[in-house]
Amino acid sequence: MKKGKSTYQFPINVDPNLAHQTIMNWLGANSFELKEKDGNYYYQYYDPVVGRRLFEFYIQTGMVTINAYIGKYKKPYLLDDSFAGSMPKSAYKQILDPLFRTLASYNAPAGTAPMQQAQGMGQAAPYNVQPTASQVSGGTPQPIGGNYEDFSKATGKSNEKYAIIGFVMSIIGLLLSFAGYMFGILLYVLEFYFAACGMKTEKKGFAIATFVLAGVSIAILVVSVFMQALLS
């Protein structure tokens, strides 16, 4: 994976407070928490399976600049299209998409390119919009109206798709294990990753079933390998 922060810029023709509110709503809907390092503020979502998603934003009149990346604050990795870390990057970009679409809609006139992306360490806008005490409670951005529920639903739908994909993969993996075949390690990792994404959605049942079926298929293969070793 390439080191750096993916930088996205959005020209806006609305009150900067509206853009700020929209971003705070998105952060709250996606369970990002406020962090501070060396006097700099950023937001982070962390899950043991999904990993870390990091986010910074800067607002000035007429422009919103966003830095999004995975890894750690002092060891960032781009949200590029390389194969390494493709699933975490792809999942992060999917949940960013509704926010980017909303910010792009604040641009005028219609038809103007809504977004520019620069790979690498992006140049920050003149100032970092820091949250006020009323917008942060226990380190988590609080919804202040607007599109909070829309962002939450969009993220939920994305994770529900992962839950269903993981479930289908787990069934195929179980059937293959009965036939003596085994998924590659990467595919089993993907099964657990998809299941983890679906645990906080309405498809939680599919996610739990994926964990169970994937575990069973792995157990069957382990027993099979052990029995073959005893007989040889």
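The structure presented is a predicted model; accordingly, all values stated were derived computationally and were not measured.

Novice: Is there a simple way to think about the nonpolar core in this case?
Specialist: Within soluble globular proteins, side chains that are nonpolar generally end up buried alongside one another. Within the largest apolar cluster, 38 residues are counted, with the highest numbers of intra-cluster contacts made by W26, F55 and Y92. Elements supplying a minimum of two residues to this core: β1 (6-11), α1 (16-29), β3 (40-47), β4 (51-60), β5 (63-72), α2 (86-105), α3 (148-178) and α4 (185-198). With near-sequence residues (within four places) excluded, Y92 lies in contact with W26, F32, R53, L54, F55, A68, Y69, I70 and L79.

Novice: What exactly am I supposed to notice about unusual backbone geometry here?
Specialist: Across residues other than glycine, the phi torsion is negative in most instances, and most of the peptide bonds are trans. Residue S31 is not a glycine yet carries a positive backbone phi of 60 degrees. One can find S31 in the loop between α1 and β2 (33-37). Positive phi values are uncommon outside glycine, yet D38 reaches one of about 55 degrees. If you trace the backbone, D38 turns up in the loop between β2 and β3. Owing to a relative accessible area of 57%, D38 belongs among the exposed residues under this scheme.

Novice: Explain the packing of α1 against α2 here, please?
Specialist: Helix-helix packing is described using two parameters, namely the angle between the two axes and the distance between the axes. Running from N to C, α1 and α2 point in directions that differ by 155 degrees, and their axes come no closer than 10 Å. Viewed along their axes, α1 and α2 adopt a mutual orientation that is roughly antiparallel. Seen from above, α1 lies across α2 with right-handed handedness. Counting all contacts with α1, which are made through A19, T22, I23 and W26, the residues of α2 involved are Y92, I95, L96, L99, T102 and L103. A per-class count over the contact of α1 with α2 returns 8 nonpolar, 2 polar and no charged.

Novice: What am I meant to see in the pattern of salt bridges here?
Specialist: Taken as a whole and assessed by the stated rule, the structure comprises 6 salt bridges. Taking the shortest distance from any N to any O, the salt bridge between K35 and E33 comes out at 3.8 Å.

Novice: Got a minute to help me understand the pairing of β3 in this structure?
Specialist: It is a general feature of regular strands that their side chains alternate between the two faces of the sheet. Bridge count for β2 against β3 is 5 bridges, and the pairing is antiparallel. When the sheet's bridge partners are listed, K35 is paired in β3 with Y42. As paired strands, β3 and β4 are joined by 5 bridges and run antiparallel to one another. In the sheet register, Y45 faces β4, and the bridge partner there is R53. Two successive antiparallel strands, β3 and β4, enclose a turn made up of 3 residues.

Definitions and cut-offs
Residues numbered from 1 in each chain as written. Predicted model: local features only at pLDDT ≥ 70, side-chain atom pairs only at ≥ 80, totals over all residues. Heavy atoms only, no water. Core = buried A, V, L, I, M, F, W, Y, C linked by side-chain atoms within 4.5 Å. Buried < 20%, exposed > 50% of the residue type's maximum accessible area, 1.4 Å probe, protein only. Helix = DSSP H or I, 4+ residues; strand = E, 2+ residues; numbered from the N terminus. Contact = heavy atoms within 4.5 Å. Axes fitted to C-alpha atoms, helices over the stretch in contact; angles between N-to-C directions. Parallel < 35°, antiparallel > 145°, perpendicular 65-115°, else oblique. Left-handed = near helix turned anticlockwise from the far one by under 90°. Nonpolar A, V, L, I, M, F, W, Y, C, P; charged D, E, K, R; others polar. Salt bridge = Lys/Arg side-chain N within 4 Å of Asp/Glu carboxyl O. Pairing = 2+ DSSP bridges.

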